[in-house]
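Secondary and tertiary structure notes
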Amino acid sequence: MEESSLRAVGWARSLPINTSPKAARDWARRHMRSLAWTDRAPETVDAVLLTVSELVTNAHVHAHSPAQMAMTWDGECLHVAVHDSSTALPTQRAASSDRTGGRGMLLVDALTDGWEAHPCPHGKTVIACFRPPTETHEGTVPLADGAG
């Protein structure tokens, strides 16, 4: 029987509660350059950066916790994982004109190719997945869901 192995590249960073979402986005942007998506798919990069912002903000504001963020590229999907110390799993709330917030996970759901939350012994981890753009025969880059 042949063994298979997974080759991945990744980066991790701890973000104290006083770290701004901008610092998290800047850190993520620097590492995304090595994937060459910045030139090929700026819309996907923007989606990743907005998701990073939302997940780190959720960790700081709702969990009142530092965030540990990891980005892992496994050749098929860029996984953005944010861990915080709250055991409360995120939920999508219906948009309301009565609230100024509460739309973060709706955004994450709209921007990602998928996301999930996992309880951990000391909190939770939210993981968002972004598939890379693919080149068409004409050289344009379609959206990740194929609509483009």
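Scoring rules and cut-offs
- Residues numbered from 1 in each chain as written.
- Predicted model: local features only at pLDDT ≥ 70, side-chain atom pairs only at ≥ 80, totals over all residues.
- Heavy atoms only, no water.
- 1 Å grid on protein atoms, 1.4 Å probe; cavity = no way out; pocket = protein on both sides within 12 Å on 5 of 7 lines; lining within 4 Å.
- Points joined across faces, edges and corners; volume = space filled by probe spheres on them.
- Helix = DSSP H or I, 4+ residues; strand = E, 2+ residues; numbered from the N terminus.
- Nonpolar A, V, L, I, M, F, W, Y, C, P; charged D, E, K, R; others polar.
- Pairing = 2+ DSSP bridges.
- Axes fitted to C-alpha atoms, helices over the stretch in contact; angles between N-to-C directions.
- Buried < 20%, exposed > 50% of the residue type's maximum accessible area, 1.4 Å probe, protein only.
- Contact = heavy atoms within 4.5 Å.
- Core = buried A, V, L, I, M, F, W, Y, C linked by side-chain atoms within 4.5 Å.
- Parallel < 35°, antiparallel > 145°, perpendicular 65-115°, else oblique.
- Left-handed = near helix turned anticlockwise from the far one by under 90°.

Points about the layout of surface pockets
As a volume, the largest pocket reaches approximately 360 Å³. If you trace the largest pocket, you find 21 residues lining it, with Asn58, His62, Pro90, Thr91 and Met105 closest to the centre. Taken together, the elements giving at least two residues each to the lining of the largest pocket come down to helix H3 (42-61), strand E3 (78-84), helix H4 (104-111) and strand E5 (123-130). The element that contributes the greatest number of residues to the lining of the largest pocket is H3, accounting for 4 residues. Taken together, the residues that form the lining of the largest pocket break down as 9 nonpolar, 7 polar and 5 charged.

Quick word on the sheet that holds strand E1 (residues 9-15)
In a beta sheet, neighbouring strands pair by backbone hydrogen bonds and run either parallel or antiparallel. Overall, antiparallel pairing links the 5 strands, which are arranged E1-E2-E3-E5-E4 in an open sheet. Edge positions in the open sheet fall to E1 and strand E4 (114-120), since each of these has one partner strand only. Geometrically, the sheet is characterised by an average inter-axis angle of 15° between neighbouring strands, direction not taken into account. Pairing geometry for E1 and strand E2 (residues 67-73), over 7 bridges, is antiparallel.

Considerations on the side chain of Asn58
Mapped onto the secondary structure, Asn58 falls in helix H3. On the basis of relative accessible area, Asn58 is assigned to the buried category, the value being 17%. Each residue touching Asn58, except ones within four places of it in the same chain, is listed here: Ala63 and Met105.

What to know about unusual backbone geometry
You will see that Ala36, though not glycine, has its phi angle at about 65°, which is positive. Structurally, Ala36 can be placed in the loop between helix H1 (21-32) and helix H2 (37-40).

Description of the nonpolar core
Counting residues in hydrophobic clusters, the biggest one holds 28 residues, and the most contacted among them are Trp37, Val52, Met69, Met71, Leu78, Val80 and Phe130. Going through the elements one at a time, E1, H1, H3, E2, E3, H4 and E5 are the ones with two or more residues in this core. When residues in this core are grouped by element, the largest group, 8 residues, is from H3. Those residues within four positions of Val80 in sequence are excluded, and the remaining contacts are Val48, Val52, Leu55, Met69, Ala70, Met71, Val126, Ile127, Ala128 and Phe130.

A look at the packing of H3 against H4
Direction vectors running N to C along H3 and H4 enclose 150°, while the axes themselves pass 10 Å from each other. The orientation of H3 relative to H4 falls into the category roughly antiparallel. Here H3 runs over H4; the crossing is left-handed. Across the interface between the two elements, Ala47, Leu50, Thr51, Glu54, Leu55 and Asn58 from H3 touch Gly104, Met105, Leu107, Val108 and Leu111 from H4. In terms of residue class, the contact of H3 with H4 is made up of 7 nonpolar, 3 polar and 1 charged.

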